[in-house]
Amino acid sequence: QNLRNMDEARAWTNVTETGINSALDAMQRANELVIRAGDMALTPNARADMASEVEQILRTVVGLGDQKYHGKKLYSGTRTTTPGFSTTLNAQGNIATVTYQGNAELRQVEVAPGRTADYNLLGESNGVTSNFGLLRDLVDGTDIFQTLIDFRTYLETNIVANIAVMLQKGGYRV
């Protein structure tokens, strides 16, 4: 039984790793857009086009919170039937807020009699536990969703000064 438990945890972790890689790819593209958006010669229309791409990146990252393994949500803590994140839309139909719907509890598996191991990542850390939040971590201040929303807004409103601040900070913290 313990070997089956470990195999299941290993398979869960492999699928999780695929999701992490997808998030990293999306954030790499967003970082490239931050650098490109800092070009003072870009027109407001060019920045608006970039804002549309950032919205798609945001939707992709939110969608990762709904990723499943054997019908169970990967990043919702122990709420494996609940999507990791929900969104609200603004008047333009773009994502305005992202809310975590999971909990801060880690899934555990028995690996030996009386011994358990944690094997999942949370989509968000609530700042109370020491568990790491993959896409939003209130302990260290990482919030990929809000960063993307802010960046999209700067592009839509052509606020180049705020884009410059993002560049000075080195783009995104991923």
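Keep in mind that this is a model prediction, so the values were computed, not measured.

Participant: I tried to follow unusual backbone geometry on my own but got confused; where do I start?
Facilitator: Both trends apply: most residues other than glycine have a negative phi, and most peptide bonds are in trans. A positive phi angle, near 50°, is found at histidine 70, a position not held by glycine. Counting through the fold element by element, histidine 70 comes out in the loop between strand 1 (68-69) and strand 2 (72-73). For histidine 70, a relative accessible area of 62% puts it in the exposed group. Phi is positive for asparagine 158, close to 60°, though the residue is something other than glycine.

Participant: Sorry, what's going on with the environment of methionine 40 here?
Facilitator: Positionally, methionine 40 belongs in the loop between helix 1 (2-37) and helix 2 (44-64). Here methionine 40 is in contact with Arg47 and Val160, once residues within four sequence places are set aside.

Participant: Could you clarify how one ought to interpret the sheet that holds strand 9 (residues 142-143) in this entry?
Facilitator: Think of a sheet as strands paired side by side through backbone hydrogen bonds, with each pair either parallel or antiparallel. Pairing is mixed in the open sheet, where three strands are placed in the order 7-8-9. Single-partner strands in this sheet number two, and they are strand 7 (122-125) and strand 9. As defined by bridge partners, strand 7 adjoins strand 8 (residues 133-137) across three bridges and the pair is classed as parallel. The residue of strand 8 that forms the bridge with leucine 122 is glycine 133.

Participant: I'm lost on the nonpolar core in this one. Help?
Facilitator: If you look at soluble globular proteins, the nonpolar side chains tend to sit buried side by side. One finds Val61, Leu135, Phe145, Leu148, Phe151 and Leu155 to be the most contacted residues of the largest nonpolar core, which totals 41 residues. Among the secondary structure elements, those contributing two or more residues to this core are helix 1, helix 2, strand 4 (95-100), strand 8, helix 3 (144-157) and helix 4 (160-168).

Participant: Looking at this structure, I do not really get the side chain of arginine 152. What am I missing?
Facilitator: Positionally, arginine 152 belongs in helix 3. Leave out the neighbours within four places in its chain, and arginine 152 touches Ala51, Val54, Glu55, Leu58, Asn90, Asn94 and Ile95.

Participant: Help me understand the packing of aromatic side chains in this model?
Facilitator: Each pair of aromatic rings is reported with the distance of its centres and the angle of its planes. Per the counting criterion, the structure on display carries four aromatic pairs. A centroid spacing of 5.6 Å and a plane angle of 85° characterise the contact between tryptophan 12 and tyrosine 119, whose relative ring orientation is edge-to-face. Taken together, the positions of tryptophan 12 in helix 1 and tyrosine 119 in the loop between strand 6 (115-118) and strand 7 put the pair 107 residues apart, joining distant regions of the chain. With relative accessibility at 12%, the residue tyrosine 119 sits in the buried group. Three or more aromatic residues joined by ring pairs make a cluster, and in this case those are Trp12, Tyr69 and Tyr119.

Participant: Help me out: how do you make sense of the pattern of salt bridges in this one?
Facilitator: Oppositely charged side chains can pair when the atoms bearing their charge come close. Under the defined criterion, the tally for this structure stands at nine salt bridges. Lysine 73 is paired through a salt bridge with aspartate 66; the nearest N and O atoms lie 2.4 Å apart. With a closest N to O distance of 3.0 Å, arginine 136 and aspartate 143 form a salt bridge. With relative accessibility at 9%, the residue arginine 136 sits in the buried group. Look at the salt bridges and you will find they share partners, linking Glu55, Arg59, Arg152 and Glu156 into a network.

Participant: Is there a simple way to think about the pairing of strand 6 in this case?
Facilitator: It is a general feature of regular strands that their side chains alternate between the two faces of the sheet. For strand 5 (residues 108-112) and strand 6, the ladder comprises four bridges, and the chain directions are antiparallel. For alanine 112, the partnering residue across the bridge sits in strand 6 and is arginine 115. Hairpin geometry of strand 5 and strand 6 is characterised by an intervening segment of two residues between the two adjacent antiparallel strands and by a positive phi of about 80° at glycine 114.

Conventions used here
Residues numbered from 1 in each chain as written. Predicted model: local features only at pLDDT ≥ 70, side-chain atom pairs only at ≥ 80, totals over all residues. Heavy atoms only, no water. Helix = DSSP H or I, 4+ residues; strand = E, 2+ residues; numbered from the N terminus. Buried < 20%, exposed > 50% of the residue type's maximum accessible area, 1.4 Å probe, protein only. Contact = heavy atoms within 4.5 Å. Pairing = 2+ DSSP bridges. Core = buried A, V, L, I, M, F, W, Y, C linked by side-chain atoms within 4.5 Å. Phe/Tyr/Trp six-rings, centres within 6.5 Å; stacked < 30°, edge-to-face > 60°. Salt bridge = Lys/Arg side-chain N within 4 Å of Asp/Glu carboxyl O.

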